[in-house]
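If you want the building blocks of each chain, they are given just below.
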Amino acid sequence: MEQFLQQLINGLAVGGIYALIALGYTMVYGVLKLINFAHGDLFTYGGYLGLTLLTSLALQGRVGTAAAVALLVLMVMGLVGVMGVVLERAAYRPLRESPRLSAVVSALGASIFLQNALMLLYGARVQVYPEGLLPQVAVSLFGLQVPLLRILVVLASVVMMAALYLFVQKTKIGTAVRAAAIDQGAARLMGIDVNKVVSLVFLIGPALGGVAGLLVGLYYGQVNFTMGWIYGMKAFTAAILGGIGNIPGAMVGGLLLGVIEALGAAYLSIAWKDAIAFCVLILILIVRPTGLLGERVAEKV
Amino acid sequence: MNVRLALALLAGVALLAVAPLALDAYWLDVLNSVGLYALLALSLNVILGDAGLFNMGHAAFYAVGAYTTAILSTQLHLPVLWTLPLAGLAAALFAAVVARPVIHLRGDYLLIVTIGMGEIVRIALVNDVFGLTGGANGLFGIPRPIVFGYKIRKPAEFFYLIWAFVLLTVFLFDRLEQSRFGRALTYLREDPVAAEGSGINTTRYKLAAFVLGAAWAGMAGTLYAAKMTIISPESFNFWESVQLFLIVILGGAGSIPGVILGAVLVIVLPEAFRGFATARLLVFGLVMMVMMVFRTQGLLPLKRPRFREKDLARAEAAR
């Protein structure tokens, strides 16, 4: 029972990270019907930028105070968000009217480019986060000692997702995003600047992904330049699991996938851990391609 | 087969026949890699180029073939070349089983699922599934192929073996494209709804393309295993599948000369620029983006059949 609870909490923490990345996939897919393969790499940039900011800027030694952490998060969000906007302009906008495959290949090219640029900048080795940045406090929860950081990761992801959900549902700009997701042509006729909406989506999605990268760095204490691929695939699986194009779906899918993976690794086999997400992906696409709460992805021909 | 392709094939044969006399062992080995990748890309081209199915897990079929050969030749001591059809059969069966439930998925979802399938196969190989695959170290001691009692071991000898197979493949797949089956695939790729409407069983044709492509990748796996004498799961990772996908797209999906040109460029250029090894992939990614923006159809795109004035006039006269 104790092991079960422990795995559940681990799964929720990792699942929160998956969910944050999944939001970027789901929003981009909702509006552009494009799988942004480079999204996982933007997530990696979040981890690396966080590390650079932590070690090279005045933040060093002062992190731990809430204000410094907030500043760090904002800086990472801003930088990775801008990268997302630039990526869309350079690699996706020129292909808006092209066949689907062209955008997919361009996205893969962007992914390879971003990943290798990171390797050239930082070197191929794993980058280690300095220790003792955040207080190593454990909290007693249901009779278990849970590291505070793990709880913070879950909380941070839930708060950000809730904020995003409210933004998309309640504000005027959010309404424009939803309108563009349903029918770009009609949205344009209603006076919505679709290009601005797309830029906004490519600002918010990668910004959240960047925070996820920072959280991974803080949580595991290290980042490497290839991690975007596997995290990206898992986050995409989470988006499908929850129902692609659906923001609460991405959150549910992420948390669920994290838990399935943690329990699978604990009770089935640790060696097959990375295969679990792919099995979930294939199963869900065969059995229920709409995901738990979402749109159709199978084509009836 | 049209006259130009026949001439190109003849020129290719002549060039290939003399290549081992002019090149050293290192470049012959590079050309052997080109041949293997050309074979693999041609096999993927049936699925991706001809049928328009986004398959980014092709390395899995390649792996099934290579491991079939490795297991049969080291455990049961079958001669390597005997395992060639068996490797093709194993990969084809595997493709039939895994592709059937997902073949109806929308293009980019099929892409994601095939990536997942490829990764599951790789993880299974690393985990020494059924105790046969040797885990992360892979399998070694695969015997040399023997042709008419002659043991093939030098790069120049492999060169003839591999490229003979490439030429045979080019010939067969060109015939295939002209056949009823090939034309049905083209129709299916260009307009699936109309194809279904005119009585083509789209699922069956898609599956057939998948199985045929996989069978050929499996046989390429045999040649790879025989050439290396040692195989490990890392030879069949995600990057292999991406590379094959790129060869087909950059060369020109559906175009056999394009696919071969793609294989030459993707394999030879990095060899020629070995000095810039670290920036190689960065440039590669950049080229992919630029290519898609400025030359979506690839370097040697497939020529769509077009009606010319005189064809129309002739058709009119015949009526």
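Residues numbered from 1 in each chain as written. Chains lettered and ligands numbered in written order. Predicted model: local features only at pLDDT ≥ 70, side-chain atom pairs only at ≥ 80, totals over all residues. Heavy atoms only, no water.

Taking an unreviewed UniProt entry as the reference, chain B is identified by name as Branched-chain amino acid ABC transporter permease belonging to Anaeromyxobacter diazotrophicus. Under the Subcellular location (unreviewed entry) heading, UniProt states for chain B: "Cell membrane". (UniProt positions renumbered as here; feature names shortened; annotations may be inferred.)

You'll find chain A entered in an unreviewed UniProt entry as Branched-chain amino acid ABC transporter permease, with Anaeromyxobacter diazotrophicus given as the organism. As stated in UniProt under Sequence similarities (unreviewed entry), the record for chain A gives "Belongs to the binding-protein-dependent transport system permease family. LivHM subfamily." Its UniProt record gives chain A the following Subcellular location (unreviewed entry) comment, quoted word for word: "Cell membrane".

Draft legend 1. A look at the UniProt feature "transmembrane region" (unreviewed entry) in chain A. Residues and elements named next belong to chain A. Cross-referencing UniProt, the feature "transmembrane region" (unreviewed entry) maps to residues 12-35, 42-59, 65-87, 99-124, 144-168, 197-220 and 275-294 in the present numbering. The annotated region residues 12-35 carries 88% helix and 0% strand content, and the separation between its end C-alpha atoms amounts to 25 Å. Strand forms 0% of residues 197-220 and helix 100%; the C-alpha atoms that close the span are 35 Å apart. (Helix = DSSP H or I, 4+ residues; strand = E, 2+ residues; numbered from the N terminus.)

Draft legend 2. The pattern of salt bridges, seen in detail. Residues and elements named next belong to chain A. A full pass over the atoms with the stated rule returns 9 salt bridges over all chains. Close ionic contact of Lys234 with Glu261 constitutes a salt bridge, the shortest N to O distance being 3.3 Å. With a gap of 27 residues between them, Lys234 in helix α9 (residues 227-242) and Glu261 in helix α10 (residues 247-267) connect regions that are remote in the sequence. For the residue pair Lys234 and Glu261, the accessibility class agrees, reading buried in each case. In this structure, Glu261 and Lys273 form a salt bridge, with 3.8 Å as the shortest nitrogen-oxygen distance. Taken as a pair, Glu261 in helix α10 and Lys273 in helix α11 (residues 273-287) lie far apart in primary sequence, 12 residues in all. The class for Lys273 is partly exposed, based on a relative accessible area of 29%. (Salt bridge = Lys/Arg side-chain N within 4 Å of Asp/Glu carboxyl O. Buried < 20%, exposed > 50% of the residue type's maximum accessible area, 1.4 Å probe, protein only.)

Draft legend 3. Molecular detail of the layout of surface pockets. What the second largest pocket holds in volume is close to 830 Å³. Residue lining of the second largest pocket: 33 residues in total, with A:Pro99, A:Leu101, B:Gly52, B:Phe54 and B:Arg189 positioned closest to the centre. Elements supplying a minimum of two residues to the lining of the second largest pocket: α4 (100-122) of chain A together with α2 (25-50), α5 (107-126) and α7 (180-190) of chain B. Looking at the lining of the second largest pocket element by element, the count peaks at 4 residues for α4(A). Here the lining of the second largest pocket is built from residues that sort into 18 nonpolar, 8 polar and 7 charged. (1 Å grid on protein atoms, 1.4 Å probe; cavity = no way out; pocket = protein on both sides within 12 Å on 5 of 7 lines; lining within 4 Å. Points joined across faces, edges and corners; volume = space filled by probe spheres on them. Nonpolar A, V, L, I, M, F, W, Y, C, P; charged D, E, K, R; others polar.)

Draft legend 4. Geometry of empty space enclosed by the protein. All names here are of chain B. Per the stated rule, a full pass over the model turns up 1 cavity of 30 Å³ or more. In this structure, the largest cavity occupies an estimated 40 Å³ of space. As for the largest cavity, its lining consists of Met56, Gly57, Ala59, Thr114, Ile115, Gly118, Glu119, Phe236, Asn237, Phe238 and Ser241. Of all the secondary-structure elements, those providing two or more residues to the lining of the largest cavity are α5 and α10 (238-251).

Draft legend 5. Focus on the UniProt feature "transmembrane region" (unreviewed entry) in chain B. Residue and element names in this part refer to chain B. Feature annotation in UniProt places "transmembrane region" (unreviewed entry) on residues 34-53, 60-78, 84-103, 110-130, 158-176, 207-225, 245-269 and 281-300, given in this structure's numbering. End C-alpha atoms of residues 34-53 are separated by 24 Å, and the span's content is 85% helix alongside 0% strand. This span, residues 60-78, is 84% helix and 0% strand, and a straight line between its end C-alpha atoms measures 23 Å.

Draft legend 6. Quick peek at the packing of helix α5 (residues 148-170) of chain A against α10(A). All names here are of chain A. At a minimum axis separation of 9 Å, α5 and α10 run at an interaxial angle of 165 degrees. When the axes of α5 and α10 are compared, the pair comes out roughly antiparallel. The way α5 lies across α10 gives a crossing that is left-handed. Taking contact as the criterion, the partners of Val158, Met161, Leu164, Tyr165 and Val168 in α5 are, on α10, Ile247, Pro248 and Met251. A per-class count over the contact of α5 with α10 returns 8 nonpolar, no polar and no charged. (Axes fitted to C-alpha atoms, helices over the stretch in contact; angles between N-to-C directions. Parallel < 35°, antiparallel > 145°, perpendicular 65-115°, else oblique. Left-handed = near helix turned anticlockwise from the far one by under 90°. Contact = heavy atoms within 4.5 Å.)

Draft legend 7. Seen up close, the side chain of B:Glu157. In this structure, B:Glu157 sits in helix α6 (residues 155-178). Here B:Glu157 is in contact with B:Tyr150, B:Lys151 and B:Ile152, once residues within four sequence places are set aside.

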